[in-house]
Amino acid sequence: MIHQLYTNVNDLPETWDQVSNSCIFLQRRYLGVLEISAPANMRNTFVGIFEGEKLIATALFQEIDLALLSSFGERDHYFLTQVRNFLFRQFASKLLIVGNNLLSGQNAYSCLPDANEKKVLEKLKEICLLWPNKPHLTIFKDFTVAQSKPFEIPAFSSDYPFSSQPNMVFEINSTWKTEADYVADLTKKYRDQFKRCRKKGISIRTKELSLEEIAQNEKTIYSLYLHVAKNAPFNTFILPETHFSVFKKQMADDFILRGYYDNEQLVGFTTVIRHGNELETYFLGYDDSIQREKMLYLNMLFDIINCGISQGFERIILGRTALEIKSSIGAIPVQLNGFMRHSYTLIHQNLSWIFPFLEPKTNWIQRHPFKD
């Protein structure tokens, strides 16, 4: 096997999208989003793996420099935040991620059906070891238990296996044809929550925005995004201001940005991506004062569920934030695994106790909103 590195979508081989057929986030049009509008501290490289002249696998490598961020998140206790920030900058600021740090799930690589997947993983590992800009940490991220099986090879035997926050996944019952069908399957407690939420948000108007409307409202959309992003417990990047309009231009109807209006004022937005039989949530933003008064965030989640049901999707990928509230609407946690190697041997040997300290812990209770 040989490999080729690309940074320009126009240079990708003709068969790239055929090999990446199973993953929209490894196809040209999405990689174009990364090429044009990635976070300032992220450098994306597209990797092609060949047998002879035949492209058999594609992959995404992301270099992330955390030292370029002013903060990694501001919600933890001040002392812990300062200690964590110092340690990250000194020993874990330069990351090489095989996968996509903007998304949850296996968006790291794709193979032709007849390719030897374990050999492809060995090749990807070899590329990491030869990477010219020596990273502190090399991470293969976001594999389900089943997807982790091919990593049971010698090339990964000394990597530190880890899992962080689960991915919240909402499975859509095939009998649900409308939002009312979903609500009917909730217990009384959660039906009452739904009714209360919808009543609180009755004055909010929603609208799917076109590319032109996204561009016209870009500054407001970005300020709403920043409010949520800066209050997250942990950040490894901040999106650029043009990101959402670039995304819409590249992905067209497969990217939906829905605006939320109060008295004609844009007070929130959600974004979702159509990905085969799955609806994948992306970033959102809101005015915090409106969100509390109108239960805006919960209304957004119910709207996403309604979109998934009405458009015939099988599941909705809700991501790793707000675990308990997503659980309360019916999402279930799915463990995602990763494999990590630190360039300093002593640190690598002690990752089992260092990693839990650096990873912000979230305590939450899983809810069970559906009737038995």
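Please refer to the structure higher up on the page.
Now for a look at the structure at hand. Just so you know, these numbers come straight off a predicted model, no measurement behind them.

Reading the values: the criteria
Residues numbered from 1 in each chain as written. Predicted model: local features only at pLDDT ≥ 70, side-chain atom pairs only at ≥ 80, totals over all residues. Heavy atoms only, no water. Helix = DSSP H or I, 4+ residues; strand = E, 2+ residues; numbered from the N terminus. Rg over C-alpha atoms; globule rule 2.2 N^0.38 Å. Buried < 20%, exposed > 50% of the residue type's maximum accessible area, 1.4 Å probe, protein only. Contact = heavy atoms within 4.5 Å. Lys, Arg positive; Asp, Glu negative; His and termini not counted. Charge placed at Lys NZ, Arg CZ, Asp CG, Glu CD. Pairing = 2+ DSSP bridges. Salt bridge = Lys/Arg side-chain N within 4 Å of Asp/Glu carboxyl O.

### What about the overall build of the protein chain?
Here is step 1: On a plain count of helices and strands, the protein chain comes out with 14 helices and 15 strands.
Here is step 2: Taking 2.2 N^0.38 as the reference for a compact globule, 372 residues should give roughly 21 Å; the C-alpha atoms of the protein chain span a radius of gyration of 21 Å, in line with that estimate.
Here is step 3: In the protein chain, which comprises 372 residues, the proportion classed as buried is 54%.
Here is step 4: Residue pairs in contact within the protein chain that sit at least 24 positions apart in sequence constitute 75% of those at least 6 positions apart.
Here is step 5: Here the protein chain contributes 41 positively and 41 negatively charged side chains, and the mean placements of these two sets differ by 6 Å.

### Some points on the pairing of strand 2 (residues 42–51)
Here is step 1: Within strand 2, eight of the ten residues are buried, leaving the element largely enclosed by the surrounding structure.
Here is step 2: Where strand 1 (residues 2–6) lies against strand 2, five bridges are found, and the strand directions are antiparallel. Of the residues in strand 2, the one forming a bridge with histidine 3 is isoleucine 49.
Here is step 3: Where strand 2 and strand 3 (residues 54–65) come together, ten bridges link them in antiparallel fashion. Paired with threonine 45 across the two strands is phenylalanine 61, which belongs to strand 3.
Here is step 4: Hairpin connection, strand 2 to strand 3: the antiparallel pair is bridged by two residues, and glycine 52 has positive phi, about 65°.

### Some words on the pattern of salt bridges
Here is step 1: For the structure shown, the criterion picks out 23 salt bridges.
Here is step 2: A salt bridge links glutamate 152 to lysine 149; the nearest nitrogen and oxygen atoms lie 3.8 Å apart.
Here is step 3: For arginine 367, the salt bridge is made with glutamate 324, and the minimal N-O distance between the two is 2.7 Å. Remark: glutamate 324 occurs in helix 12 (residues 323–328) and arginine 367 occurs in the segment after helix 14 (351–358); sequence separation between them is 43 residues.

### Topic: unusual backbone geometry
Here is step 1: The phi torsion at aspartate 142 lies on the positive side, around 70°, for a residue other than glycine.
Here is step 2: Considering the arrangement of structural elements, one finds aspartate 142 in strand 6 (residues 137–143).
Here is step 3: The class of aspartate 142 is buried, set by a relative accessible area of 4%.
Here is step 4: Even without being glycine, alanine 252 reaches a positive phi, approximately 50°.
Here is step 5: The residue alanine 252 is located in the loop between helix 9 (243–251) and strand 10 (255–262) in this model.
Here is step 6: Residue class for alanine 252 comes out partly exposed when judged on its relative accessible area of 38%.

Take it as geometry only, folks, not as evidence of what the structure does.
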